[in-house]
Amino acid sequence: MSPPRLLIPSLKNFVIGTFENKVIDITDKDQTITFRIITAEILPEISFSSKMKFVLLSPIILSTLVEHNGKMQQYYLRPDDIEDMSRVLTKNLLNKKGLLNRNQTLNEYCKLEWDGEYVQKHRRVTKKITINENGRFPVDVIGIQAPFTIEGDPELIKVGYECGFGEKNSMGFGLAEAV
């Protein structure tokens, strides 16, 4: 039995109808910028395999807790933290897959590898972003924006593509395009 599709035809029409000819306001403490959505479209479905290359359209955020001066603190993974990155990404994708009610097996794992040529060519692939809701409690997050190859269960890779790779996807992080 194949897993349920996330976007059935009636849902497709709902999404397009909801966002077409609408306005989105992005506000900070000093100003508001208004964007008008002229049209919305759904990208064609792609075929998923056990090894795929992606380009990030927005940074991927992955973090873990580490002990620092006797306290547990959030540490945002950097490109050199590749083993931790694959482990944390796999756990993140498995959690998302579980929320989508798709079957999980214990041996599922994804291995992430950055495009080495791209990383060497660009001085910095990390991005520090300040999330400052209502100007009160700013939180800094560190993401990575570089092409990557992911190897593993095609179903997990599909979950990452459809839901976003990594953390804070509801804020737009982890959006990727297949190459």
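Residues numbered from 1 in each chain as written. Predicted model: local features only at pLDDT ≥ 70, side-chain atom pairs only at ≥ 80, totals over all residues. Heavy atoms only, no water.

Engineer: With reference to specific residues and values, describe a nonpolar patch on the surface.
Structural biologist: Together, Ile24, Ile26, Ile33 and Phe35 make up an exposed nonpolar region whose accessible area comes to about 360 Å². Sorting the residues of the nonpolar patch by element identifies strand S1 (22–27) and strand S2 (32–37) as the ones contributing at least two each. Assignment of secondary structure puts Phe35 in strand S2. (Patch = residues over 30% accessible without salt bridge, like charges linked within 9 Å, V, L, I, M, F, W, Y side chains within 5 Å. Areas by Shrake-Rupley, 256 points an atom, 1.4 Å probe, with all protein chains shown as cover. Salt bridge = Lys/Arg side-chain N within 4 Å of Asp/Glu carboxyl O. Helix = DSSP H or I, 4+ residues; strand = E, 2+ residues; numbered from the N terminus.)

Engineer: Hey, could you go over the pattern of salt bridges for me, with residue numbers and the actual values?
Structural biologist: Applying the stated criterion across every chain yields a total of five salt bridges. Note that Asp115 and Lys53 form a salt bridge whose closest N and O atoms lie 3.1 Å from each other. Here the residue Asp115 occupies a position in the loop between strand S6 (110–114) and helix H3 (116–121), and Lys53 occupies one in strand S3 (residues 51–56), the gap between them amounting to 62 residues. A salt bridge links Glu108 to Lys97; its shortest N-O distance comes to 2.5 Å. Residue Glu108 is found in the loop between helix H2 (82–99) and S6, and its partner Lys97 is found in helix H2; the two are separated by 11 residues along the sequence. Each member of the pair, Glu108 together with Lys97, is buried. Salt bridges sharing partners connect three or more residues here, namely Lys97, Glu108 and Asp153. (Buried < 20%, exposed > 50% of the residue type's maximum accessible area, 1.4 Å probe, protein only.)

Engineer: Would you mind going over the pairing of strand S5 (residues 71–76) in detail, with residue names and values included?
Structural biologist: Two strands pair when backbone bridges link them, and strand S4 (residues 63–68) and S5 are joined in this way by six bridges, in the antiparallel orientation. Opposite Leu65, over in S5, you have Gln74 as the bridge partner. The turn joining S4 and S5, which pair antiparallel and follow one another in sequence, is formed by two residues; a positive phi near 55° is taken by Asn69. (Pairing = 2+ DSSP bridges.)

Engineer: Which residues make up the side chain of Asn92, and what values go with them?
Structural biologist: With respect to the helices and strands, Asn92 occurs in helix H2. Beyond its immediate sequence surroundings of up to four residues, Asn92 is in contact with Gly166 and Glu167. (Contact = heavy atoms within 4.5 Å.)

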